[in-house]
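# Structure assessment
Okay, here's what each chain looks like letter by letter:
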Amino acid sequence: MSVEGFWDDAGKEDIGTLGERFKIFEHSTYANPRMTMNEGSVRMIAERAPPLIGAIMAIGIGLIAPFFVQMQFGPLNTIDFILLGLVLLVFSGAGLILLRQHLRGDKWLFIHEKHLELRHEKSEKGIPAEYKHIPVSNVVKILSHVRITEDSDSDSDSDGSSTTYENDVTSILLYNPDYPESRTDQEFCLCMTDIHSTTKAESDAIAAALNFLIFGTPLPSKVE
């Protein structure tokens, strides 16, 4: 994790209720259409559900590719047949996972006066029970940073190197009861969720907004 910037509750002030803080937020330069308030809670989409077409394509490739190869290249030997079977399993399995995530819908973050929760738009499943009611006191830090992931699949270079991807995200870090030191050391924290952004500036702004709405930390004059 390469941290670009973070805010925590060090500057917490008593800035009224969640509703009062949201009114200040929506009239500030940090106002974001991704965040709305309804029925006493602030909500935003933390993660978009994958599109249905992706699931259909993956399942289709897994089902059609083996038959296409069989028709084009004739009877296959045992090894080739096993490899085609693996292709079917990999693509069909990935497609089913994408389909399940699509059917569950977007993942939403809800900010209540005293707690947070994650919830899928269309399903009660897929969210760990401990993430459905998180006391605000268990939120340790909210960070804007670059999430670096590596792809070491078969498309990697022949010398064994892998492709890396960088994504601007805002992460909500939680106290980890298995590691009491997580109160002061973020390396031991649990990551409740990553909220993806298209730019670093957007990620920084979301982090500042969440710190204001959750902790009451004053909004910076501008995102550095």
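Up top is the structure.
Notes on the structure in this doc start here. Quantities reported herein were computed from a predicted structural model and do not represent experimental measurements.

So, how was this worked out
- Residues numbered from 1 in each chain as written.
- Predicted model: local features only at pLDDT ≥ 70, side-chain atom pairs only at ≥ 80, totals over all residues.
- Heavy atoms only, no water.
- Phe/Tyr/Trp six-rings, centres within 6.5 Å; stacked < 30°, edge-to-face > 60°.
- Buried < 20%, exposed > 50% of the residue type's maximum accessible area, 1.4 Å probe, protein only.
- Lys NZ or Arg CZ within 6 Å of the ring centre and 35° of its normal.
- Salt bridge = Lys/Arg side-chain N within 4 Å of Asp/Glu carboxyl O.
- Helix = DSSP H or I, 4+ residues; strand = E, 2+ residues; numbered from the N terminus.
- Polar contact = N/O pair within 3.5 Å; in protein donor to acceptor, adjacent residues only side chain to side chain.
- Contact = heavy atoms within 4.5 Å.

### A few points about the packing of aromatic side chains
Throughout the structure, instances matching the rule amount to three aromatic pairs. Relative to F110, the ring of W108 has its centre 6.4 Å away and its plane inclined at 35°; by these criteria the two rings are tilted. Centroid distance Y179 to F188: 5.2 Å. Interplanar angle 35°. Geometry classified as tilted. On the basis of relative accessibility, which here comes to 39%, the residue Y179 falls in the partly exposed class. Using a relative accessible area of 30% as the deciding quantity, one classes F188 as partly exposed. Seen from the ring of F110, R119 lies directly overhead, with NZ or CZ sitting 4.1 Å from the centre. The ring centre of Y175 lies 4.2 Å from the NZ or CZ of R183, which sits over that ring.

### Let's talk about the pattern of salt bridges
Enumeration over the complete set of coordinates arrives at six salt bridges. A salt bridge links E47 to K107; the nearest nitrogen and oxygen atoms lie 3.5 Å apart. Placement of the pair is E47 in strand β3 (residues 41-47) and K107 in strand β4 (residues 107-111), with a sequence separation of 60 residues. Overall, the relative accessible area of 16% leaves K107 in the buried class. Where E117 meets R119, a salt bridge forms, and the shortest distance between an N and an O atom there is 2.9 Å. According to the relative accessible area criterion, R119 is partly exposed, its value standing at 33%.

### A word on the side chain of D194
Tracing the backbone shows D194 in strand β9 (residues 190-197). Only 3.0 Å separates the side chain of D194 from the side chain of R147, close enough to count as a polar contact. There is a polar contact of 2.4 Å between the side chain of D194 and the side chain of S171. Each residue touching D194, except ones within four places of it in the same chain, is listed here: A46, R147, V169, T170 and S171.

### Notes on the environment of R104
The residue R104 is located in helix α3 (residues 78-104) in this model. Residue R104 is classed as buried on the basis of its relative accessible area, which comes to 18%. Sequence separation of R104 and A49 is 55 residues, and the distance between their C-alpha atoms is 7.6 Å. With sequence-adjacent residues up to four places away left out, R104 is seen in contact with H120, E121, K122, S123, K125 and G126.

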